[in-house]
Amino acid sequence: MTSGKATQEGNMLFWGLLIVGIILAAVGGYGVFMRQTLGVVDWIWGLYVVAYVFFGLAAAGSELVAAVNKVFKVDERLSKYSRYIVYGALATLLPSFVAILTDLGALQNFMWIFLGFNPTSRIAWMGILYTLLALGLLAELVLEMWGRSHGTGFLSFVIALGLLAIFTYTNLGAIFGASYGIPAWTGVMSAFWFPVAGLAVGISVQAPILAISDKIRHGRVRPELVELVTTRHIWWATFAMLINGFLLLWYTTQAYYNPPVNFMLNEMTSGVLSPLFWTGLVLGFVIPLVLGLYAAFRRSFALSMVTFVLYALGIALSITVFVAGGQLARIWMDAVLTSKFAEAPKLVDEFLSSMASEWQILAFNFGFWFILLALGIKLLALEKGEKPRRLFIFR
């Protein structure tokens, strides 16, 4: 491929990603704006919750991989893309704040997390941890750009940031476990499932971002990145997904006879959530595991990229079922405890219609994500050894 053609293809990818992002953000922005304007706060946890969990897990997982590599020198090839990884994690985390604001209904509600901080509230800690992680990623990126990413001081900072990512995982697990109160399935063991799911989706998001970055900046995916993805990322992600599947199967089996869990499993496998469940199981777990193992042994870059997208889809659908299933179980268990059986079907219908109407929120989040990725990759000094020339961070 000639240099001119490679540059043209890179520019086309940049503009394509940016335009798709603008369209999605414009379409979804209306729904987000109306929700903020009206100050709507539902008792139902909907797709905005799925969004901030997904983006938060992906960002923390990607950063944790980078932190472990910097501390333990797992693969020097990964160090070459350090700035891209850190910026990719930051760009992935930022859309979650839009989802959190949408969940809370208004900006002032988010500010009260800090102004009226309650140390016993896991939700408050989530806002704190997300904010600290975002600031930490920004600081790490700036330090690397300014050539100050050496020495024990920087390594100590990276270790702290890695621990912060782990705290973000476990706090999310504690939120869902404590809020749903369903033993085993969404109870204390969710603190183990969230880190594994986060690593799986973090690696699965990190590899495509690196490929997109290479294509935009160099017009092609360079051989060293192809080798890195096909010898490291695909194995890491596949192994994490296998553990993810084992944990979910373990939790399901040992909690099967718990009444709320049993009800939720019935809803997942044959009830209203069955389309999401079976799609996630087949398209997001079984098929990509086969493809992932084949791609790993054959070192196929194209199949690896397809596998990463399907892994991320599988985790996203798992989170959706996790959020929805827990609430359906809670609705019916409340009906059992209060003997208000007539209200339960109405609440279920309200929950499902609310989830279905929130697609604009997801569209805005993904659009915002694509815009951040496209502009950051194109404008920031993210190449190893590249010095910022404008405003401290720009090329």
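Residues numbered from 1 in each chain as written. Predicted model: local features only at pLDDT ≥ 70, side-chain atom pairs only at ≥ 80, totals over all residues. Heavy atoms only, no water.

## Some thoughts on the side chain of Thr-168
Piece 1. One can find Thr-168 in helix H7 (residues 151-180).
Piece 2. A relative accessible area of 2% means that Thr-168 is categorised as buried.
Piece 3. If sequence neighbours within four positions are ignored, Thr-168 has contacts with Leu-129, Tyr-130 and Leu-133. (Helix = DSSP H or I, 4+ residues; strand = E, 2+ residues; numbered from the N terminus. Buried < 20%, exposed > 50% of the residue type's maximum accessible area, 1.4 Å probe, protein only. Contact = heavy atoms within 4.5 Å.)

## Structural notes on the nonpolar core
Piece 1. Core analysis: the biggest nonpolar cluster contains 100 residues, and Val-53, Leu-172, Phe-176 and Ile-319 have the highest contact counts within it.
Piece 2. Leu-172 has contacts with Val-53, Leu-57, Met-126, Tyr-130 and Phe-194, leaving out every residue within four places of it along the chain.
Piece 3. Among the nonpolar cores identified, the runner-up in size contains nine residues, and Met-268, Leu-273, Leu-328 and Ala-329 belong to it. (Core = buried A, V, L, I, M, F, W, Y, C linked by side-chain atoms within 4.5 Å.)

## Considerations on empty space enclosed by the protein
The method is simple in principle: a probe with the dimensions of a water molecule rolls over the atoms, and the space it marks as empty is what remains.
Piece 1. Summed over all chains, the structure comprises one cavity of 30 Å³ or more.
Piece 2. There is about 30 Å³ of room inside the largest cavity.
Piece 3. If you trace the largest cavity, you find it lined by Ala-66, Asn-69, Lys-70, Leu-78, Ser-79 and Ser-82.
Piece 4. Elements with a contribution of two residues or more to the lining of the largest cavity: helix H2 (47-72) and helix H3 (76-79).
Piece 5. With three residues, H2 is the single largest residue contributor to the lining of the largest cavity.
Piece 6. When its residues are assigned to classes, the lining of the largest cavity shows two nonpolar, three polar and one charged. (1 Å grid on protein atoms, 1.4 Å probe; cavity = no way out; pocket = protein on both sides within 12 Å on 5 of 7 lines; lining within 4 Å. Points joined across faces, edges and corners; volume = space filled by probe spheres on them. Nonpolar A, V, L, I, M, F, W, Y, C, P; charged D, E, K, R; others polar.)

## Regarding unusual backbone geometry
Piece 1. A positive phi angle is found at Lys-73, which is not glycine, with a value near 55°.
Piece 2. Assessed through its relative accessible area of 52%, Lys-73 is described here as exposed.

## Points about the confidence of the model for the protein
Piece 1. For the protein, the mean per-residue pLDDT works out to 83, and 85% of the residues sit at or above 70.
Piece 2. Within the protein, helix H13 (residues 343-356) has the poorest average pLDDT of any element, 65, and helix H14 (residues 359-379) the best, 93. (pLDDT = per-residue confidence, 0-100.)

## Points about helix H8 (residues 190-218)
Piece 1. Between the first and last C-alpha of H8 there are 41 Å, a value that for 29 residues agrees with the 42 Å anticipated at 1.5 Å per step.
Piece 2. Burial analysis of H8 places 23 of its 29 residues in the buried class, the great majority of the element.
Piece 3. Positive backbone phi, at 80°, marks Gly-219, one or two positions downstream of H8. (Expected span 1.5 Å × (residues − 1).)

## With respect to the packing of aromatic side chains
Piece 1. Summed over all chains, the structure comprises 14 aromatic pairs.
Piece 2. An angle of 35° between the planes, with centres 6.4 Å apart, marks the rings of Phe-54 and Phe-366 as tilted. Of the two residues, Phe-54 is situated in helix H2 and Phe-366 in helix H14; the sequence distance between them amounts to 312 residues.
Piece 3. In textbook terms, an aromatic cluster arises when at least three aromatic residues are bridged by ring pairs, as seen for Phe-54, Phe-55, Phe-366, Trp-369 and Phe-370.
Piece 4. One residue, Lys-378, lies across the ring of Phe-14, its end atom 5.4 Å from the ring centre. (Phe/Tyr/Trp six-rings, centres within 6.5 Å; stacked < 30°, edge-to-face > 60°. Lys NZ or Arg CZ within 6 Å of the ring centre and 35° of its normal.)

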